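Residues per chain, in single letters:
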Amino acid sequence: MTSRSTTTTARTSSEARAVARTQTLIKGQNGIGTVRKTTLPGGLRIVTETLPSVRSATFGIWAHVGSRDETPSLNGATHYLEHLLFKGTKKRSALDISSAIDAVGGEMNAFTAKEYTCYYARVLDTDLPLAIDVVCDMLTGSLILQEDVDAERGVILEEIAMTEDDPGDCVHDLFAHTMLGDTPLGRPVLGTVDTINDLTAERIRRFYKKHYDPTHLVVAAAGNVDHQKVVRQVRAAFEKAGALDRTDATPLAPRDGSRRLTTSGRVELIDRKTEQAHVILGMPGLARTDERRWALGVLNTALGGGMSSRLFQEVREKRGLAYSVYSYTSGFADTGLFGVYAGCRPSQVHDVLKICRDELDHVAQHGLTDDEIARAIGQLAGSTVLGLEDTGALMNRIGKSELCWGGQMSVDDMLAKISAVTPDEVREVARDVLGRRPSLSAIGPIQDKQAARLHDAVA
């Protein structure tokens, strides 16, 4: 992913203000869809995508920190910190932060994942300067007071309890643990009751200072935005907070690694009185940088990505055994997961698992038909474009791309990658991924006799 043109600009003649580097990464027609990037001397990266035809803008800041950066005793600290940055700064109280965005009809939120965290606001284009000021203030000036830590602790414990009460959600955390074990990637993003109760304001402040340095951040804005105006406003906000004092800092590189997950045949079961049994049958997938990910995306779509997919047709349409059944992939810097989820009556769980296992084995050995692959390519291409029809999705794309890949890919290039996938490539990745012995995670009313049968399902 290379830039097409590079320019160097400075906003003032003062020697105190070092030079920023600006690049045009994707050249859109008549400026539409143009993606530009500026790297400030303090190591802060700013990427924008311009769409003059819309009246909205989404502004976000991505942090190169997720739950995989936590030690066992700090499990949940990244997500805890996400909550705390909304609790107040030297300039604004928690009410000031929320009311500022509410007053202009905007929306504001954040999310924490295993490898990154994002804070964002979506507003009218005329209110973008306000969104920039508020979000930058949160990221650079959070107070993280002990009373706020204590108050928010109860909120996070309720969030953990809410997840525990939803077995369809909880089973995904269980599957991560089944596949990745007691490792940073295998632990829950929310943390546990014990780790959350043990976290103090001082420990969270140290975590904040370590991981929210400008070199760890990517600023992203999409919509009716002017790149240079965004750069000036962001730079002013960070300089005012004293966050760009270093002029020789370089951005943190994308995560790297060569870990290859080889987990197979593991089974984790939670016996719980639920109306449905929730199961995930899966195996190691691909890292997000693996070039075969495009073929895996096509395979995933054909297997369990829509109403015409094999799993949906076999499990739901033909037999009516489940309401929800689908497959999915998760890619990390150095490894990945492939899973098939189904929620069904406990009495049907063995039939559902047998059908899913049979389909995975069949596709691993014999592949998909050319018609299935062609349909999946069309579906994946269409859903990719339709999923980028709002400024929030565009901001997510360019921010995550810069943070995780260190570059940008145009929508046309993405569509070309999908269209270029061949049936042989899909069959090859099917043999590699689906040909492994699966592991199983399940939550539901599982007694000893039934548990033994579930272990047999992956034998």
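Worth saying up front: this structure is predicted, and the values here are computed from it rather than measured.

1. Quick word on the state of the cysteines
Disulfides are covalent bonds that connect the sulfur atoms of two cysteines.
Here is step 1 of the chain: Tallied over the full model, the rule gives zero disulfides.
Here is step 2 of the chain: Summary of cysteine pairing: Cys118 is not part of a disulfide, and the nearest cysteine sulfur, belonging to Cys404, is at 11 Å.
Here is step 3 of the chain: The thiol sulfur of Cys344 is not disulfide-bonded, and the nearest other cysteine sulfur, from Cys356, lies at 8.8 Å.

2. Re the environment of Lys27
Here is step 1 of the chain: Here Lys27 shows up in the loop between strand E2 (20-26) and strand E3 (34-39).
Here is step 2 of the chain: A residue is classified by how much of its surface remains accessible, and Lys27, at 55% relative accessible area, is exposed.
Here is step 3 of the chain: Distance from Lys27 to Glu158, taken between C-alpha atoms, is 46 Å for residues 131 residues apart in sequence.

3. Digging into the packing of aromatic side chains
Here is step 1 of the chain: Throughout the structure, instances matching the rule amount to eight aromatic pairs.
Here is step 2 of the chain: Ring centres of Phe86 and Tyr119 lie 6.3 Å apart, and the angle between their planes is 35°; on these two criteria the pair is classed as tilted. Linking Phe86 in the loop between helix H1 (77-84) and helix H2 (94-102) with Tyr119 in strand E7 (residues 117-124), this pair joins segments that are 33 residues apart in sequence.
Here is step 3 of the chain: Ring centres of Tyr326 and Tyr341 lie 5.1 Å apart, and the angle between their planes is 35°; this geometry places the pair in the tilted category.

4. Section: the UniProt feature "domain: Peptidase M16 N-terminal" (unreviewed entry) in the chain
Here is step 1 of the chain: As recorded in UniProt, the feature "domain: Peptidase M16 N-terminal" (unreviewed entry) lies at residues 45-192.
Here is step 2 of the chain: Taken end to end, residues 45-192 is 43% helix and 19% strand, and its first and last C-alpha atoms sit 33 Å apart.

5. Let's talk about the sheet that holds strand E9 (residues 267-271)
Strand pairing within a sheet occurs via backbone hydrogen bonds; the two strands may be parallel or antiparallel.
Here is step 1 of the chain: The mixed open sheet is built from five strands, whose spatial order is E9-E13-E10-E12-E11. Edge strands, defined here as strands with exactly one partner in the open sheet, are E9 and strand E11 (324-331). Taking each pair of neighbouring strands and ignoring which way they run, the sheet shows an average axis angle of 15°.
Here is step 2 of the chain: Pairing of strand E10 (residues 277-284) with strand E13 (residues 439-444), which is carried by five bridges, proceeds in the antiparallel orientation. For Leu281, the partnering residue across the bridge sits in E13 and is Leu440.

6. Some points on the pattern of salt bridges
Note on pairing: side chains with opposite charge can pair once their charged atoms come close.
Here is step 1 of the chain: For the structure shown, the criterion picks out 32 salt bridges.
Here is step 2 of the chain: Residues Arg187 and Asp182 are paired through a salt bridge, measuring 3.0 Å at the closest nitrogen-oxygen approach.
Here is step 3 of the chain: For Asp358, the salt bridge goes to Lys354, with nearest N and O atoms at 2.8 Å. With Asp358 and Lys354 both in helix H11 (residues 349-366) and four residues apart, the pair spans about one turn of that helix.
Here is step 4 of the chain: Overall, Asp358 belongs to the partly exposed group, its relative accessible area being 37%.
Here is step 5 of the chain: Lys354 gets classed as exposed once you look at its relative accessible area, which sits at 52%.
Here is step 6 of the chain: One network of salt bridges, in which partners are shared, links Arg68, Glu115, Arg288 and Asp334.

7. Here's the deal with the packing of H1 against helix H4 (residues 146-164)
Here is step 1 of the chain: Where H1 contacts H4, the axes come no closer than 10 Å and their chain directions differ by 120°. Relative to H4, H1 is oriented oblique. The two elements H1 and H4 cross, and the hand of that crossing is right-handed. Side by side, H1 and H4 meet where His79, Tyr80, His83 and Leu84 of the first sit next to Asp148, Val149, Glu152, Arg153, Val155, Ile156 and Glu159 of the second.
Here is step 2 of the chain: Residue composition of the contact of H1 with H4, by class: five nonpolar, two polar and four charged.

Criteria and cut-off values
Residues numbered from 1 in each chain as written. Predicted model: local features only at pLDDT ≥ 70, side-chain atom pairs only at ≥ 80, totals over all residues. Heavy atoms only, no water. Disulfide = S-S within 2.5 Å. Helix = DSSP H or I, 4+ residues; strand = E, 2+ residues; numbered from the N terminus. Buried < 20%, exposed > 50% of the residue type's maximum accessible area, 1.4 Å probe, protein only. Phe/Tyr/Trp six-rings, centres within 6.5 Å; stacked < 30°, edge-to-face > 60°. UniProt positions renumbered as here; feature names shortened; annotations may be inferred. Pairing = 2+ DSSP bridges. Axes fitted to C-alpha atoms, helices over the stretch in contact; angles between N-to-C directions. Salt bridge = Lys/Arg side-chain N within 4 Å of Asp/Glu carboxyl O. Parallel < 35°, antiparallel > 145°, perpendicular 65-115°, else oblique. Left-handed = near helix turned anticlockwise from the far one by under 90°. Contact = heavy atoms within 4.5 Å. Nonpolar A, V, L, I, M, F, W, Y, C, P; charged D, E, K, R; others polar.

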